[in-house]
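# Working through the structure, step by step
Residues per chain, in single letters:
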Amino acid sequence: MILIKRIYILLFLQTLFLSVANVIMAQNNNWNIGKMADDDSSLMNNRAESEGILYICSYNTDSRATAATLEAFVKRCDELQPERQVTIESMECTGLKELLLLKDRMRGILDKYVDTDRKPGLVVLTGREAVSTFMSLKEQKYKSLPIVIGACGTNLVTIPDDKEDYHTWQPSSYNLRTDSHDFNIVGGVLQYFDIEKNLQLVRQLFPKTTKFCLLTDNSLGGVTMQALVKDKIRGMRNLKMEYIDGRLMSYSDMLGKIKLLSETTALLLGTWRVDCNENFVIGSSSAQIRDANPNIPMFSLSGAGMDNLAIGGYYPDFRHDGERLAEICIAYLTKYETQGLVYISNSYNFDYRRLQDFHLSENNLPDDSNVLNRPVSFIDEYREWLIGSGILAMILLIAQIVTLHFVVKFRRMKEALQIQSQELIVAKDRAEEANRMKSAFLANMSHEIRTPLNSIVGFSNLLSSDQMELSKEEKIHFSDIIKQNSDILLNLINDVLDLSRIETGRMEIKKEDCDIIPMCYSIIESMKVTCRKPISFAFLHERSNMLISTDETRLRQVLVNLFTNSVKFSEEGTITLTVAEKPEEGFIYFSVTDNGCGIPKEDAERVFERFVKLDQFKQGTGLGLQLCQQFITRLGGKIWVDTNYTQGAKFVFTHPN
């Protein structure tokens, strides 16, 4: 043992001596070279400090995709040129409702650097929002900036300058690679979505397909994908395409639309993250979309839905391209090399489980296809380890499996208990909320029904009583009171029934051609007859007739409710109905204006809530404006209170032209 220890010590000392000698020789040989490199490095450092990189991303840097690309970019820049300064700015995009704010937001970021001594040597744009916004700017000082583009598709849309309703916005698609010569693009990594190959793929695997349906969400990506598809299919004969647009549909509406698709229809998945109500999809959305209509094939154009929803698709390989962008930037800043725009390679990808669901053989798939989520057997996964471990390793493995089994079992039991506990809490909260709403509803209804009913019963008893002798005028007056309260009671019951139909989904909107000008005149005439106050009525319109497609009954009900409210809260003055057509927006604007007590600004949105009454001493349940909002929304418009009007109250709503 002592001899072995001495041998180890001698070998260690010999190795240490040789290492020190090699280090000394290497330093002597490289001294002159290092001195020259230091001089060059000093010049590079000065230039790197003066020509920094401005990195602009679309979303918050905390988001997973943005953070992954940014981290890879910064890490690679540090490896290639540690002294190069990288400044990071985010446009903080959240949804399509910010469409008209994007340009000003981009200008605000650029102006912090372009016209100052911090002007960057290169601007990096990542994400479709950042790229589309920058490419929509018209100022020459921005166009001359050298830019590098990443994490974006090659097809973009132009961000509009003036007011644009993003729900009906239909932009055209243009190719970033061929249609952006005015900008100083020095490089970039783009994604190309091949629509034609995906259509061919669907027809190859499902030859009975007669129609396609594109699903896109309420985002710039969804609008861009829809514009690209429309551009690509233009001129294709015998191709029928429908659109499920997240800008116009909620998540439940989208599921209902998918449920109605025929079995000969193929659903193309563009993007689906957020619906018209700005609600983001949840983790179970793939299963819900799939189960809505399990008999129709679904294919992905962009890689979305490849989690047991889409059968497959031909789309770019979504790898984090931050390293490649960093290499392009450093090459340009150090050598002025422009590498142009390159595409991320596309590939055919299929989900193994969905192939099994539709009984599709892998032999019928295109060459070089990737099959995802293929189950791997335990023996194949651990074959090398099992062969090399021997008997002892097998015993340890069995013990570990047994232990792991119980750990997983206990963990699942714990998670199941936690889920059940959460579900019980949610159910309890819902039950309490439902009970509270029921109590509030009963309290409101009992009060509102009792008031007119007391009047009806009381004056009916007076009319039928033999003990009192009533004059003819008194009988007429009592009859009018009974009729007014009967109408109030009837309207109350109708409002409750309408609200019930809306909540149960049985409210139908039947649109027919209707001339709204005579309809408005008839409403005003009926209000004149029933109004008992010194109030005049006016009707302002631009044309003698105005034909639209609408549900006349619901539109009339909205106007009558607004007139009734104005009469209720006005003692005198004029109630004015205005109808104005705005063809550039595609809407007709209705407004009902009075000279009553008005509505405070802080209550302008609250008045549309259920059972809200600003004046508790006025007759009514607080359901009228809630019903107006429901009807107008289903007719395709919006309703609001004009808070700038201070002479009373002014309600405005729109209707598609």
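Anything mentioned here points back to the structure above.
Just so you know, these numbers come straight off a predicted model, no measurement behind them.

Judged by nonpolar contacts, the single largest core of 44 residues is most densely connected at Ile516, Phe537, Leu559 and Phe653. Here the element with the most residues in this core is helix α15 (residues 516-530); it accounts for seven residues. Among the nonpolar cores identified, the runner-up in size contains 37 residues, and Leu96, Leu137, Cys152 and Ile159 belong to it.

The next point concerns helix α17 (residues 624-634). Burial analysis of α17 places eight of its eleven residues in the buried class, which makes it a mostly covered element. Along α17, the residues classified as buried are Gly624, Leu625, Gln626, Leu627, Cys628, Gln630, Phe631 and Ile632. Looking one or two residues beyond α17, the residue adopting positive phi is Gly636, at roughly 100°.

In the contact formed by helix α8 (residues 251-259) and helix α9 (residues 285-292), the axes pass within 8 Å of each other and the chain directions differ by 35°. Note on element contacts: α9 touches α8 through Ser285, Gln288, Ile289 and Ala292, opposite Tyr251, Met254, Leu255, Ile258 and Lys259. Residue composition of the contact of α8 with α9, by class: six nonpolar, two polar and one charged.

The next point concerns the state of the cysteines. Inspection of the entire model under this criterion finds zero disulfides. Cys57 supplies the cysteine sulfur nearest to Cys93, a cysteine that is in no disulfide, at a spacing of 9.0 Å. Since its relative accessible area comes to 8%, Cys93 is described here as buried.

What follows concerns α15. Helix length check: α15, at 15 residues, gives a terminal C-alpha distance of 21 Å against a target of 21 Å (1.5 Å per residue), a fit within 8%. Every buried residue of α15 is listed here: Ile516, Ile517, Met519, Cys520, Ile523, Ile524 and Met527. For α15, the buried positions fall inside an angular range of 160° around the axis, keeping them on one side. Residues of α15 that are buried sit in contact with β16 (512-515), β17 (535-541), β18 (547-550), α16 (552-568), β19 (573-582) and β20 (587-593).

On the surface, Phe378, Ile379, Tyr382, Trp385 and Ile401 cluster together into a nonpolar patch covering about 500 Å² of accessible area. The set of elements that each furnish at least two residues to the nonpolar patch consists of α12 (378-381) and α13 (383-464).

What counts as what
- Residues numbered from 1 in each chain as written.
- Predicted model: local features only at pLDDT ≥ 70, side-chain atom pairs only at ≥ 80, totals over all residues.
- Heavy atoms only, no water.
- Core = buried A, V, L, I, M, F, W, Y, C linked by side-chain atoms within 4.5 Å.
- Buried < 20%, exposed > 50% of the residue type's maximum accessible area, 1.4 Å probe, protein only.
- Helix = DSSP H or I, 4+ residues; strand = E, 2+ residues; numbered from the N terminus.
- Axes fitted to C-alpha atoms, helices over the stretch in contact; angles between N-to-C directions.
- Contact = heavy atoms within 4.5 Å.
- Nonpolar A, V, L, I, M, F, W, Y, C, P; charged D, E, K, R; others polar.
- Disulfide = S-S within 2.5 Å.
- Expected span 1.5 Å × (residues − 1).
- Arc of directions from axis to C-beta.
- Patch = residues over 30% accessible without salt bridge, like charges linked within 9 Å, V, L, I, M, F, W, Y side chains within 5 Å.
- Areas by Shrake-Rupley, 256 points an atom, 1.4 Å probe, with all protein chains shown as cover.
- Salt bridge = Lys/Arg side-chain N within 4 Å of Asp/Glu carboxyl O.

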